[in-house]
Amino acid sequence: MNTEVSTERRKKGPYVVIECPEKIPCDPCVDACPNEAISIPGSIIELPEIDYDKCTGCLVCIPRCPGLAIFVVDETPKDHSIIYIPYEMLPRPKKGDTAKGLDREGKERCEVEIIKVIDAKKFDRCAIVGFSVPRDLAQEIKAIKLRE
Ligand code: SF4
Ligand code: SF4
């Protein structure tokens, strides 16, 4: 089991990033993954672990997290990276829209371009939005702010 996302793994394709800092009794992410890449060792209040040998970056787990704590990052494009985030707000952005990329503190860090919106019917309040960011911000941008 490889719980670190190595440089080699990052070159291979999209991978999940889970930022779930609090120990709470929660585990929908475990059942969500079709590849059994997410596990919670021991008690349900422990933090989830990712097996990067199993994660394919399929996006399925993103809308299943009630804490909006799951992202997928793709660093394989040459001149930018792609980040996929959960998005519960309305209206949804559209492919080709531009927006501000916000970091963990909500600070505007860059312009992003929306490249994909998946509005899965069975998760009617949570879409998946993918957008391009500068390569050096692949681990920093966690939300977007649409233009007025
Ligand atoms: S992105 Fe897909 S393969 Fe990776 S942990 Fe999430 S559901 Fe599993
Ligand atoms: S579903 Fe989300 S909040 Fe719950 S354990 Fe998994 S990552 Fe953390």
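Reading guide: rules and limits
- Residues numbered from 1 in each chain as written.
- Chains lettered and ligands numbered in written order.
- Predicted model: local features only at pLDDT ≥ 70, side-chain atom pairs only at ≥ 80, totals over all residues.
- Heavy atoms only, no water.
- Domains from an automatic or database assignment.
- Contact = heavy atoms within 4.5 Å.
- Buried area = accessible area lost by both parts, 1.4 Å probe.
- Salt bridge = Lys/Arg side-chain N within 4 Å of Asp/Glu carboxyl O.
- Nonpolar A, V, L, I, M, F, W, Y, C, P; charged D, E, K, R; others polar.
- Pairing = 2+ DSSP bridges.
- Helix = DSSP H or I, 4+ residues; strand = E, 2+ residues; numbered from the N terminus.
- Axes fitted to C-alpha atoms, helices over the stretch in contact; angles between N-to-C directions.
- Near = heavy atom within 4 Å.
- Buried < 20%, exposed > 50% of the residue type's maximum accessible area, 1.4 Å probe, protein only.
- Core = buried A, V, L, I, M, F, W, Y, C linked by side-chain atoms within 4.5 Å.

A. Just the domain arrangement of the chain, in detail. For the chain, the assigned domains read domain 1 (1-61) and domain 2 (77-148). Spacing between the C-alpha centres of domain 1 and domain 2 amounts to 20 Å. Of the residues lining the interface, 5 residues belong to domain 1; the matching set on domain 2 comes to 6 residues. The contact between domain 1 and domain 2 buries some 480 Å² in all, and 52% of this surface belongs to carbon and sulfur atoms. When the buried area of domain 1 at its contact with domain 2 is split by residue, Val17, Glu19 and Leu59 rank highest and sum to 76% of it. In this assembly, domain 1 and domain 2 are joined by 2 salt bridges. Here Glu19 makes a salt bridge to Arg104, at a shortest N to O gap of 2.7 Å. Split into classes, the residues belonging to the side of domain 1 that touches domain 2 amount to 3 nonpolar, no polar and 2 charged.

B. Summary view of the sheet that holds strand β7 (residues 108-118). Taken in spatial order, the 7 strands of this open sheet run β1-β4-β5-β8-β7-β6-β9, and their pairing is antiparallel. The open sheet is flanked by β1 (15-18) and β9 (143-146), the only strands paired with a single partner. Strand-to-strand twist of the sheet, defined as the mean angle between neighbouring strand axes without regard to direction, takes the value 40°. Two elements, strand β6 (residues 98-102) and β9, share 4 bridges in a ladder whose sense is antiparallel. Its bridge partner being in β9, Leu102 is matched across the sheet by Ala143.

C. Just the pattern of salt bridges, in detail. What the rule picks out here adds up to 12 salt bridges. As a salt-bridge pair, Lys100 and Glu111 come within 2.7 Å of each other at their nearest N and O atoms. Placement of Lys100 in strand β6 and of Glu111 in strand β7 is noted, with a sequence separation of 11 residues between them. Sharing partners across several salt bridges, the network here consists of Glu19, Arg104, Glu140 and Lys142.

D. A look at the site of ligand 2. If you check the shell around ligand 2, you find Ile18, Cys20, Cys26, Pro28, Cys29, Cys65, Pro66 and Ile70 and nothing else. In the shell around ligand 2, the residues fall into 8 nonpolar, no polar and no charged.

E. Spatial organisation of the environment of Arg135. Tracing the backbone shows Arg135 in the loop between β8 (127-133) and β9. Here Arg135 falls in the partly exposed class, since its relative accessible area comes to 37%. Along the sequence, Arg135 and Cys61 sit 74 residues apart, while their C-alpha atoms lie 24 Å from each other. If sequence neighbours within four positions are ignored, Arg135 has contacts with Glu75, Pro77, Lys78, Asp79, His80 and Ser81.

F. Geometry of the nonpolar core. Membership of the largest hydrophobic core comes to 38 residues, with the highest contact counts inside it found for Val16, Ile70, Ile85, Phe131 and Ile144. Of all the secondary-structure elements, those providing two or more residues to this core are β1, α2 (28-32), β4 (70-74), β5 (81-87), β7 and β8. For this core, the leading source of residues is β5, giving 5 residues. A domain split of this core shows at least three residues from each of domain 1 (1-61) and domain 2 (77-148). Not counting the four nearest positions on each side in its chain, Phe131 is found in contact with Ser81, Ile82, Ile83, Ile85, Val112, Glu113, Ile114, Ile115, Ile141 and Ile144.

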